[in-house]
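Each chain, written out:
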Amino acid sequence: MTMIEALRGLTYYKGVPLWRHALVIQWALQIISGVVVVVLVTTFFTNISNTIQDREIPHGFSFLSREYQTPIGQHFLPYESSDTFRYAFGVAATNTIVVSIVGVILATALGIVVGVARISGNWLVSRTSLIYIEIFRNVPLLVQLFFWFYMVLALPPVRQGYVIADRIYINNGGLSLPWPWPSNRDAAWVWLAVVLASLIAAVVLHHALTRREVLTGRPSYPLITGSVTAVATAVVGWLFVSAAFGDSPFAISVPAPQGAFGRIAGGFTISGGLMALLTGLVIYTSSFIAEIVRAGIQSVGRGQMEAARSLGLAPMAALRHVTFPQALRVIIPPLISQFLNLTKNSSLAGAIGYSDLANVAKTMTQTAPAVSIYILLAAAYLAMSLTYSLIGNLYNRSIRLVGN
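For clarity, every value in this text was computed on a predicted model and none was experimentally measured.

What counts, and where the lines are drawn
Residues numbered from 1 in each chain as written. Predicted model: local features only at pLDDT ≥ 70, side-chain atom pairs only at ≥ 80, totals over all residues. Heavy atoms only, no water. Helix = DSSP H or I, 4+ residues; strand = E, 2+ residues; numbered from the N terminus. Buried < 20%, exposed > 50% of the residue type's maximum accessible area, 1.4 Å probe, protein only. Contact = heavy atoms within 4.5 Å. Areas by Shrake-Rupley, 256 points an atom, 1.4 Å probe, with all protein chains shown as cover. Polar contact = N/O pair within 3.5 Å; in protein donor to acceptor, adjacent residues only side chain to side chain. Axes fitted to C-alpha atoms, helices over the stretch in contact; angles between N-to-C directions. Parallel < 35°, antiparallel > 145°, perpendicular 65-115°, else oblique. Left-handed = near helix turned anticlockwise from the far one by under 90°. Nonpolar A, V, L, I, M, F, W, Y, C, P; charged D, E, K, R; others polar. Phe/Tyr/Trp six-rings, centres within 6.5 Å; stacked < 30°, edge-to-face > 60°. Patch = residues over 30% accessible without salt bridge, like charges linked within 9 Å, V, L, I, M, F, W, Y side chains within 5 Å. Salt bridge = Lys/Arg side-chain N within 4 Å of Asp/Glu carboxyl O. Core = buried A, V, L, I, M, F, W, Y, C linked by side-chain atoms within 4.5 Å.

1. Focus on the overall build of the protein
Looking only at helices and strands, the protein features 12 helices and 10 strands. Taken over 404 residues, the protein has a buried fraction of 34%. Restricting the contact set of the protein to residue pairs at least 6 apart, pairs at least 24 apart contribute 64%. Counting only carbon and sulfur atoms, one obtains 67% of the accessible surface of the protein, whose full area is about 24,500 Å².

As structure tokens, then:
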């Protein structure tokens, strides 16, 4: 073999010239794209670093160990003004995470109801849901947040607020509810561990009974059995933990007016800002979820519903057991995007006075380097969004595997 023939052999892959082989072209394009992205990102951050140094802009993260010395309106974690920037940032992140989780759950439930109502055979129900979707989907979220915030402000003051059963107080300061608080911290943690174990056992039992029901055709009542198992285990765990520690893990704290101004103490108070934020986020996001649910259900062939009805299933039973499980394949991917949007849209909370992550971070820039604060802020929102994407994609993958 001559040198020319050897060189010629190197330019071929499986008998095809390298410049014409699809696999080689794909790898070459990916490598070139990766190099270009790395160069652009490196150049971008290098320019930012040089600009910060040239203009002597404060930066760094040493401030995280300093005292924040600024109050945070509502917080789900214990907080004092003497706590550090790092802990204050965690408290604010917890506020956003709570809003995000509660908002996602409520928006999903409301969106499914409105989406199913949208395709109802009842003209009034269908048109009402259509009006709901078109109004709240097309009005900007910030406008809706201001509307709900002023609705909360229009409620009576604390002394003249609404009282339900001497335990629930509604006024322009927020909504006060009875709430369980740990009466013994160690006992509370042990019982919560028992509850977590009971939930895991209930899920495993539910899957096992469902599989048995599919294989044998005999009813196993997986939902009822799993629920009873979880509740019974939690109750028995409560009794054992109470006996072991000599005190119950939790006690119910009931709100009540105290002092000359009648301020509500005890229980758990949802501030007016949080009420308006959750209401706006849930209603706005549910209008989009409703359309996703409607499109997902209508993507399932009509023959599936007719087959279910021919087997004697009621319309709602056919929707629950036949149509909706198949529609999930279409619903889940855009639903994940709406969860991400709700999480990111919660950053508008500062406009109505709720101490979310973005609002607290903006306040921190008054006494700490703004560049570093916003890097942490971006990283926090990125972490939350990636977590939602991971959970949603894993669930989407699981239902696709089951369907196959």
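2. Quick look at helix H11 (residues 357-364)
Extensive coverage of H11 is indicated by the burial of six of its eight residues. For H11, every residue scored as buried is listed here: Leu357, Ala358, Asn359, Val360, Ala361 and Met364. Regarding H11, its N-cap is aspartate 356, as a side-chain oxygen of that residue lies 3.3 Å from the backbone nitrogen of alanine 358 further along.

3. Topic: the packing of helix H3 (residues 85-118) against helix H8 (residues 272-298)
Close contact between H3 and H8 brings their axes to 6 Å; oriented N to C, the two are set at 45 degrees. Considered as vectors, H3 and H8 are oriented oblique to each other. At the point where H3 passes H8, the crossing takes the right-handed sense. Residues of the contact of H3 with H8, tallied by class, amount to 17 nonpolar, six polar and three charged.

4. Looking at the packing of aromatic side chains
One pass over the full model with this rule turns up 10 aromatic pairs. Taking 5.1 Å as the distance between ring centres and 65 degrees as the angle between the ring planes, the aromatic pair formed by tyrosine 68 and phenylalanine 85 counts as edge-to-face. Of this pair, tyrosine 68 sits in the loop between helix H2 (22-54) and H3 while phenylalanine 85 is found in helix H3, placing the two residues 17 residues apart along the sequence. With relative accessibility at 1%, the residue phenylalanine 85 sits in the buried group. Seen from their ring centres, tryptophan 191 and phenylalanine 250 are 6.0 Å apart, and the 70 degrees between their planes marks the pair as edge-to-face.

5. Looking at a nonpolar patch on the surface
On the surface, a nonpolar cluster with roughly 500 Å² of combined accessible area is contributed by Leu23, Trp27, Ile31, Val35 and Val39. You can see valine 35 is positioned in helix H2.

6. Side note on the nonpolar core
Soluble globular proteins tend to pack their nonpolar side chains together in the buried interior. In terms of nonpolar packing, the biggest core is built from 44 residues, with Val99, Leu277, Ile297 and Ile331 touching the most fellow members. Those elements that provide at least two residues to this core are H3, helix H4 (123-138), helix H5 (141-153), strand E10 (268-271), H8 and helix H10 (315-345). Of the residues forming this core, the biggest block, 14 residues, is contributed by H8. Ignoring anything within four residues of it in the chain, the contact list for isoleucine 331 reads Ile292, Val293, Gly296 and Phe324. Grouped together as the second largest cluster of nonpolar side chains are 22 residues, Phe85, Ala358, Ile373 and Met384 included.

7. Considering the packing of H4 against H8
Where H4 contacts H8, the axes come no closer than 8 Å and their chain directions differ by 125 degrees. Regarding the angle of H4 to H8, the classification is oblique. Crossing angle aside, the handedness with which H4 passes H8 is left-handed. In contact with Tyr132, Ile133, Phe136 and Arg137 of H4, H8 contributes Ile283, Tyr284, Ser286, Ser287, Phe288, Ala290 and Glu291. Of the residues assigned to the contact of H4 with H8, the class counts are seven nonpolar, two polar and two charged.

8. What to know about the side chain of glutamine 338
With respect to the secondary-structure elements, glutamine 338 resides in helix H10. Beyond its immediate stretch of four places on either side in the chain, glutamine 338 contacts Thr285, Phe288, Ile289 and Ile292.

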